[in-house]
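# Report on the structure
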Amino acid sequence: MADNTFMVEIVTPEQILLKDEIQFLVVPELNGELGVLKNHAPMIAALDIGVLRYTDPEGKVKKIALSGGFMEVIYNEVRVLAETAEQGSEIDILRAKAAKERAEKRLQLQDENINSGRAEMAMRRAMARLKAADALVND
Ligand code: ATP
């Protein structure tokens, strides 16, 4: 059987979240989603807050919430350096919902003492976590 896999490593300042041979990766690039297959040309990309998807060696699709960073692709080795990253299955959904509500309230207040850019970022991180955890349905 042809080997369609390549190595991916997802690293944060806290941990190596993933180091595995995978078949397919989609990352939230600043200009939209970017897919990576084996033998992708070497590149460096800036990543946005969002959801990274990949197929594990058994072909199962997994999701990871990312809060921005960089991806480097060199000779079938992909390295993602992220500010924060969590596997969808490990996300604390209540915490993400609380963060989303807090950010929404801050944005609604339109108070000049509130840093709306910061609230917007917190909101996007919370949304990405809820998406990665498949928990946005009843929101
Ligand atoms: P909160 O207000 O809930 O802390 P935040 O977006 O400000 O959310 P970050 O600063 O992005 O949190 O992350 C701080 C740490 O907490 C990181 O290690 C991140 O992986 C982890 N983290 C944040 N939210 C969650 C969550 N809902 N489930 C699991 N881990 C989380």
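First things first, this report covers the structure right here in the doc. All figures in this text were calculated on a predicted structure; none of them were measured in a lab. (Residues numbered from 1 in each chain as written. Predicted model: local features only at pLDDT ≥ 70, side-chain atom pairs only at ≥ 80, totals over all residues. Heavy atoms only, no water.)

### Points about the site of the ligand
- Taken together, the residues surrounding the ligand are E14, T84, E86, I91, D92, R95, A96, R102, R125 and R129.
- Between an oxygen atom of the ligand and a side-chain N or O atom of E86, the distance comes to 2.5 Å.
- Between a nitrogen atom of the ligand and a main-chain N or O atom of D92, the distance comes to 2.8 Å.
- For the ligand, whose accessible area on its own is 600 Å², the fraction buried by protein is 70%.
- Taken together, the elements giving at least two residues each to the shell around the ligand come down to α1 (93–109) and α2 (116–132).
- Per-class residue counts for the shell around the ligand are two nonpolar, one polar and seven charged.
- Among the domains, domain 1 (6–88) and domain 2 (92–132) are the pair contributing at least three residues each to the shell around the ligand. (Near = heavy atom within 4 Å. Polar contact = N/O pair within 3.5 Å; in protein donor to acceptor, adjacent residues only side chain to side chain. Areas by Shrake-Rupley, 256 points an atom, 1.4 Å probe, with all protein chains shown as cover. Helix = DSSP H or I, 4+ residues; strand = E, 2+ residues; numbered from the N terminus. Nonpolar A, V, L, I, M, F, W, Y, C, P; charged D, E, K, R; others polar. Domains from an automatic or database assignment.)

### With respect to α1
- Counted at 1.5 Å a residue, the expected span for α1 with its 17 residues is 24 Å, and the 24 Å between its end C-alpha atoms agrees.
- If you check which residues of α1 are buried, you get A96, A99, K100 and A103. One side of α1 carries all its buried residues, which in axial view fall inside an arc of 100 degrees. α1 presents L94, K105, Q108 and L109 as exposed residues on the side facing more than 90 degrees away from its buried surface.
- If you follow the buried residues of α1, they end up packed against α2. (Expected span 1.5 Å × (residues − 1). Buried < 20%, exposed > 50% of the residue type's maximum accessible area, 1.4 Å probe, protein only. Arc of directions from axis to C-beta. Contact = heavy atoms within 4.5 Å.)

### With respect to the pattern of salt bridges
- Enumeration according to the criterion identifies 10 salt bridges in this entry.
- Put simply, R124 and D48 hold a salt bridge, and the shortest N to O gap is 3.0 Å. Of the two residues, R124 is situated in helix α2 and D48 in strand β5 (residues 43–55); the sequence distance between them amounts to 76 residues.
- Note that R79 is salt-bridged to E77, the shortest N-O span being 3.7 Å. (Salt bridge = Lys/Arg side-chain N within 4 Å of Asp/Glu carboxyl O.)

### Re the environment of I74
- Take I74: it is sitting in strand β6 (residues 61–74).
- For I74, a relative accessible area of 36% gives the class partly exposed.
- As a C-alpha pair, I74 and M43 span 31 residues in sequence and 7.0 Å in three-dimensional space.

Keep in mind these numbers describe shape, not what the thing actually does.
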